[in-house]
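Below, each chain spelled out in residue letters.
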Amino acid sequence: MKAIELYQDIRKFFEANADKARAKKYSRYFKEGYDAYGITPDLMHEKRDVRLNAGNVSIKTVLGASKYLVGSGKFEETTFAVILLKGFADQFDIDTFKRISKWFDIGIINWGHCDVFCGHLMSILLNKNIISYEALADWRTGKNKYQRRAVPVSLLEIKDTTKNFKQMFKFIEPLMMDQERTVGQGLGWYLREVWKIQPKVTEEFLLEWKDDAPRVIFQYATEKMSKEGKARFRKAKKKA
């Protein structure tokens with residue numbers, strides 16, 4: 001099966017199973033816009049399994065079809081590209097990383113796509129040591145705000161095996177003054193989860209930034225702290 005044929009097959013399936021009411025229901029979670037068919041996760045995974053079990057699709061075909069799926073703007077098509085490619089995890093290599101990095105240029109346009117991308121694909125690349133976290137260095141200054149968000153969200157996938165969080169904090173420093181809310185939310189999410197593992201080191205880092213970095217980072221990072229704990233990270237009031 002050719003890449004374009006795979007894409008056409010997937011789109012035909014989505015169009016046949018579209019649910020406008022469901023698409024409208026979930027649109028409220030995406031302020032940046034939500035162009036969707038309204039396909040349920042169960043149906044999407046059912047279609048993925050059919051394609052994988054057919055035996056006529058390769059990782060090369062999926063990567064080729066991804067430029068159509070991710071570039072379409074349809075919510076489920078980008079999601080499908082992610083979960084279908086995950087079916088070839090045992091074949092991932094550095095070229096896979098280079099290919100999917102380009103998805104941010106063509107169609108990762110919301111936090112949902114970003115987080116699914118990180119959880120399903122970046123987790124494999126990082127945990128299998130196909131890439132190190134340093135491979136994300138250029139993402140910190142990416143034009144796509146969701147690529148910048150993907151840095152801390154990807155680091156979440158290796159938090160349980162990280163030995164030097166100070167090194168990780170140094171890595172995310174270039175993002176700490178990013179004014180995009182979605183980036184700050186991703187940073188706060190990462191710092192909150194790391195705080196559960198190493199609270200002292202995390203709090204030291206947060207204290208360094210509490211008077212300068214966007215407040216949304218602290219809103220998320222301190223979410224699980226006590227009322228007294230949260231108070232330590234309030235921004236200092238400027239003297240009159």
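As shown above, the structure is provided for reference.
Residues numbered from 1 in each chain as written. Predicted model: local features only at pLDDT ≥ 70, side-chain atom pairs only at ≥ 80, totals over all residues. Heavy atoms only, no water.

A. The arrangement of the packing of helix H8 (residues 111-127) against helix H9 (residues 145-155) in detail. Contact geometry of H8 with H9 gives a least axis separation of 9 Å together with a crossing angle of 45°. Put simply, H8 runs oblique to H9. For H8 against H9, the interelement crossing comes out right-handed. Within the contact between the two elements, H8 uses Trp111, Cys114, Asp115, Cys118, Met122 and Leu126 and H9 uses Tyr146, Arg149, Ala150, Val153 and Ser154. For the contact of H8 with H9, the residue count by class is eight nonpolar, one polar and two charged. (Axes fitted to C-alpha atoms, helices over the stretch in contact; angles between N-to-C directions. Helix = DSSP H or I, 4+ residues; strand = E, 2+ residues; numbered from the N terminus. Parallel < 35°, antiparallel > 145°, perpendicular 65-115°, else oblique. Left-handed = near helix turned anticlockwise from the far one by under 90°. Contact = heavy atoms within 4.5 Å. Nonpolar A, V, L, I, M, F, W, Y, C, P; charged D, E, K, R; others polar.)

B. Representation of the packing of H9 against helix H11 (residues 181-197) within the structure. Between H9 and H11, the least distance of the axes is 8 Å, while the angle of their chain directions is 5°. In terms of their interaxial angle, H9 and H11 are classed as roughly parallel. Only Thr182, Val183, Gln185, Gly186, Leu187, Trp189 and Tyr190 of H11 make contact with H9, whose side of the interface consists of Lys145, Tyr146, Arg148, Arg149, Pro152, Val153 and Leu155. Residue composition of the contact of H9 with H11, by class: eight nonpolar, three polar and three charged.

C. Local environment of the side chain of Thr79. Within the element layout of this structure, Thr79 appears in helix H5 (residues 75-86). Of note is the side chain of Thr79, whose polar atom sits 3.1 Å from the backbone oxygen of Phe75. If we skip the residues at most four places from it in the chain, Thr79 touches Met44 and His113. (Polar contact = N/O pair within 3.5 Å; in protein donor to acceptor, adjacent residues only side chain to side chain.)

D. Layout of the pattern of salt bridges. Considering all chains together, one arrives at 16 salt bridges under this definition. For Lys159, the salt bridge goes to Asp160, with nearest N and O atoms at 3.2 Å. A relative accessible area of 17% places Lys159 in the buried class. Residue Asp160 is classed as exposed on the basis of its relative accessible area, which comes to 63%. Residues joined by salt bridges that share partners form a network here, namely Arg192, Glu193, Lys196 and Glu223. (Salt bridge = Lys/Arg side-chain N within 4 Å of Asp/Glu carboxyl O. Buried < 20%, exposed > 50% of the residue type's maximum accessible area, 1.4 Å probe, protein only.)

E. Quick look at the nonpolar core. If you look at the biggest cluster of nonpolar residues, it comprises 72 residues, and the most contacted ones within it are Trp103, Phe117, Met122 and Tyr190. Tallying contributions element by element places H8 first for this core, with eight residues. When sequence neighbours within four positions are dropped, the list of residues in contact with Met122 reads Phe97, Ile100, Phe117, Ile131, Leu136, Trp139 and Ser154. In this structure, Ala23, Tyr34, Ala36 and Phe75 belong to the second largest nonpolar core, which totals five residues. (Core = buried A, V, L, I, M, F, W, Y, C linked by side-chain atoms within 4.5 Å.)

F. Region of interest: helix H6 (residues 94-101). Within H6 the residues assigned to the buried category are Thr96, Phe97, Ile100 and Ser101. Take H6 and look down its axis: the buried residues cluster within an arc of 130°, on one side only. On its buried side, H6 packs onto helix H4 (59-69), H5, helix H7 (103-106), H8 and H9. (Arc of directions from axis to C-beta.)

G. Here's a closer look at the environment of Gly33. Looking at the element boundaries, Gly33 is found in the loop between helix H2 (20-26) and helix H3 (41-54). Taking the C-alpha atoms as reference points, Gly33 and Ser226, separated by 193 residues in sequence, lie 35 Å from one another.

H. Structural view of the packing of aromatic side chains. Under the defined criterion, the tally for this structure stands at 18 aromatic pairs. Centre to centre, the rings of Phe97 and Trp139 are 5.8 Å apart; their planes meet at 20°, and the pair counts as stacked. Of this pair, Phe97 sits in helix H6 while Trp139 sits in the loop between H8 and H9; the two residues are 42 residues apart in sequence, bridging distant segments of the chain. Since its relative accessible area comes to 7%, Phe97 is described here as buried. Between Tyr133 and Phe171 the ring centres are 5.0 Å apart and the planes differ by 90°, which places this aromatic pair in the edge-to-face class. With Tyr133 in the loop between H8 and H9 and Phe171 in helix H10 (residues 165-172), this residue pair connects regions lying 38 residues apart in the sequence. Each member of the pair Tyr133 and Phe171 is classed as buried. By way of ring pairs, the aromatic residues Phe97, Trp103, Phe104, Phe117 and Trp139 are connected into one cluster. Geometry around Tyr37 places Lys74 over its ring, the cationic atom sitting 4.7 Å from the centre. (Phe/Tyr/Trp six-rings, centres within 6.5 Å; stacked < 30°, edge-to-face > 60°. Lys NZ or Arg CZ within 6 Å of the ring centre and 35° of its normal.)

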